[in-house]
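Examination of the molecular architecture
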Amino acid sequence: SLLKVPLEDAMRQFRNVKKEVDWRIEEASLDLEMGDEVSVDRVSKAISDATAKLKELQKYMEKAPEEECEALSRLVLRYNHLEQRKELYERKLVISDINNESHSKFTAERQSVIPTRVKDIDSLWTWNEVRAKRFIADFMLRSGYMDSAQKLVETFKIQELVDEKVIHDSRMLATTLERKDCTEVIKWSHENRKRLEKIGSDLLLRLRVQEFVELRRSGKMTAAIEYARAHMGPMTGDAMNLVPKVMGLLAFPPHTKCSPYAELYAEERWTELIQIFQSSYFELHGLITKPLIEVAMMIGMSARKTKACFQDETKNVDCPTCSKPFNEMSSELPFCQNTHSKLICSITGKVMNENNPPMVLGNGNVYSETGLNSISHFGTVVDPRTGESFPYPSADIAKAYVL
């Protein structure tokens, strides 16, 4: 969405300018139509009127591309921002090279590379910090914390990377729906009717239905019938099934418990309408429906999620997906695809390998050597799962070998 939003914005500006230009040219052309009666005065006046309109068109065209150019400039800036991340990735930075390799392995040539690597790593961390701030600002804007989000954006100068205007405009329109007023959103839906139909959104129909419901709720039967005749027919597709049910409200009062009419009167339909509007608005502007930070967290949880995360006896203390809040959030996410398995000690949360071998207790439970050393007291270890005690170290507690 980082590139799609300014691209959609530029395309929308182009369509609006084209529509305005076509309308102005058509107006000027109509002035030049003489009909049957032609005179010098009429021709002179027609030419003067058409010339005046074309001059207004010229002034309009001098200012019109400004917003389109602004969107394209923002697109280029965002592309360069992503290109910077790509360059850092293509250098194949391995941070562990500096942290884990012994100094004895550093040749003169290797040592000459370190300053460049450190500089690249700093750049990578800076880039990641900008991304994190962008995600936080996006979440705050979607949650309605406009002032706080604006201060965050201005403080770290990431205005060009955050779609503040798009989200702010959607919030303003959603606020009118919260006040149970469909007027502004219907106006917006009419302006974008063809594009809404293209993405398969029935937002306009739902808005019309809600206005009809409110007229019926207030007892304005005649007004409701006239409204339905003006705005709810003829219909095709799903509307053919919905409209007859809506018209059935004329026979049922607002306090009815009869389904499906009770559901049509429900106040929760306003919340559903707001969600459908925001989803349609974001899709038209190239934004995803969920906050960026939520999507990033879902990707991370899915990458770490295994069946062991949902069994108390196999949870890893260092695994975020195993913790309670993330465990609930990841319940519907797919499991990660692991081509290479790792043994994790449930005591320390560390990987078991040749330097930290797995040890098998007498009851068959496996822990790392480091983990058993940390819980051993006076030559005894207590299995944290079962509570059984075993002498340690002991010949009965042996290393496990995985083939």
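Values in this document were obtained by computation on a predicted structure and should not be read as measured data.

Observations concerning the overall build of the chain
Looking only at helices and strands, the chain has 17 helices and five strands in total. Looking at the chain residue by residue over its 403 residues, the buried ones come to 33%. By sequence separation, contacts in the chain at least 24 residues apart represent 57% of the contacts at least 6 residues apart. Working note: accessible area of the chain is about 25,600 Å², and carbon and sulfur atoms make up 55% of it.

Digging into the sheet that holds strand β2 (residues 366-368)
Read across the open sheet, the three strands follow the order β2-β1-β5; overall the sheet is antiparallel. Edge positions in the sheet fall to β2 and β5 (398-399), since each has one partner strand and no second. Both strand β1 (residues 358-360) and β2 contribute to a ladder of three bridges, which runs antiparallel. Considered in β2, the bridge of Val360 is made with Val366.

What about a negative patch on the surface?
Residues Glu66, Glu67, Glu70 and Glu160 make up a contiguous surface patch of negative charge. Topologically, Glu160 is positioned in the loop between α6 (146-155) and α7 (164-178).

Some thoughts on the pattern of salt bridges
Under the defined criterion, the tally for this structure stands at 15 salt bridges. The partner of Arg12 in a salt bridge is Asp9, with the nearest N and O atoms 2.7 Å apart. Here the residue Arg12 and the residue Asp9 both occupy positions in helix α1 (residues 4-31), the gap between them amounting to three residues, near one helical turn. No difference in accessibility class separates Arg12 from Asp9, as the two residues are buried. Residue Glu267 pairs with Lys180 through a salt bridge whose shortest N-O separation is 2.7 Å. Of the two residues, Glu267 sits in the loop between α13 (261-265) and α14 (268-284) while Lys180 sits in the loop between α7 and α8 (183-191), which places them 87 residues apart along the sequence.

As for the side chain of Arg216
On the secondary structure map, Arg216 appears in helix α10 (residues 203-217). Buried charge without a salt bridge: Arg216, with Glu214 as the nearest opposite-charge side chain at an N-O distance of 11 Å. Non-local contacts of Arg216, meaning those with residues more than four positions away in its chain, are made with Met221, Ala224, Leu249, Leu250, Phe252, Pro253, Pro254 and Tyr265.

Notes on the packing of aromatic side chains
Tallied over the full model, the rule gives five aromatic pairs. When the centroid spacing of 5.6 Å and the interplanar angle of 85° are considered together, the rings of Trp188 and Phe277 count as edge-to-face. Placement of Trp188 in helix α8 and of Phe277 in helix α14 is noted, with a sequence separation of 89 residues between them. Here the two residues Trp188 and Phe277 agree in accessibility, since each one is buried. Geometry around Phe156 places Lys133 over its ring, the cationic atom sitting 4.5 Å from the centre.

Structural notes on the side chain of Asn327
By the secondary structure assignment, Asn327 is in helix α16 (residues 324-329). Owing to a relative accessible area of 12%, Asn327 belongs among the buried residues under this scheme. Only 2.8 Å separates the side chain of Asn327 from the backbone oxygen of Cys309, close enough to count as a polar contact. Those residues within four positions of Asn327 in sequence are excluded, and the remaining contacts are Cys309, Phe310, Lys315, Thr321 and Cys322.

A few points about helix α11 (residues 221-231)
All of the buried residues in α11 are Ala224, Tyr227 and Ala228. Projected down its long axis, α11 carries its buried residues within an arc of 100°, all on one side. Exposed and facing more than 90 degrees away from the buried side of α11 are Thr222, Arg229 and Ala230.

Examining the nonpolar core
Leu177, Trp188, Leu203, Leu207, Phe212, Leu249 and Phe277 are the most contacted members of the largest nonpolar core, which has 48 residues in total. By size, the runner-up hydrophobic cluster in this structure holds 10 residues, among which are Leu361, Leu372, Val381 and Tyr392.

Notes on a positive patch on the surface
On the surface, Arg15, Lys19, Lys194 and Lys198 cluster together into a positively charged patch. Listing elements by their share of the positive patch, those giving two or more residues are α1 and α9 (193-198). The exposure class assigned to Lys194 is exposed, which follows from its relative accessible area of 72%.

Description of the environment of Val21
Tracing the chain through its elements places Val21 in helix α1. On a C-alpha basis, the gap between Val21 and Met61 in space is 8.2 Å, while along the polypeptide they are 40 residues apart.

Looking at the confidence of the model for the chain
Should pLDDT be low for a region, the predicted coordinates there are not to be read in detail. Here the chain averages 82 in pLDDT, while 88% of its residues score no lower than 70. A low-confidence stretch, residues 93-116 (pLDDT under 50), is modelled with 21 contacts involving residues beyond four sequence positions or located in other chains.

About the criteria used
Residues numbered from 1 in each chain as written. Predicted model: local features only at pLDDT ≥ 70, side-chain atom pairs only at ≥ 80, totals over all residues. Heavy atoms only, no water. Helix = DSSP H or I, 4+ residues; strand = E, 2+ residues; numbered from the N terminus. Buried < 20%, exposed > 50% of the residue type's maximum accessible area, 1.4 Å probe, protein only. Contact = heavy atoms within 4.5 Å. Areas by Shrake-Rupley, 256 points an atom, 1.4 Å probe, with all protein chains shown as cover. Pairing = 2+ DSSP bridges. Patch = residues over 30% accessible without salt bridge, like charges linked within 9 Å, V, L, I, M, F, W, Y side chains within 5 Å. Salt bridge = Lys/Arg side-chain N within 4 Å of Asp/Glu carboxyl O. Lys, Arg positive; Asp, Glu negative; His and termini not counted. Charge placed at Lys NZ, Arg CZ, Asp CG, Glu CD. Phe/Tyr/Trp six-rings, centres within 6.5 Å; stacked < 30°, edge-to-face > 60°. Lys NZ or Arg CZ within 6 Å of the ring centre and 35° of its normal. Polar contact = N/O pair within 3.5 Å; in protein donor to acceptor, adjacent residues only side chain to side chain. Arc of directions from axis to C-beta. Core = buried A, V, L, I, M, F, W, Y, C linked by side-chain atoms within 4.5 Å. pLDDT = per-residue confidence, 0-100.

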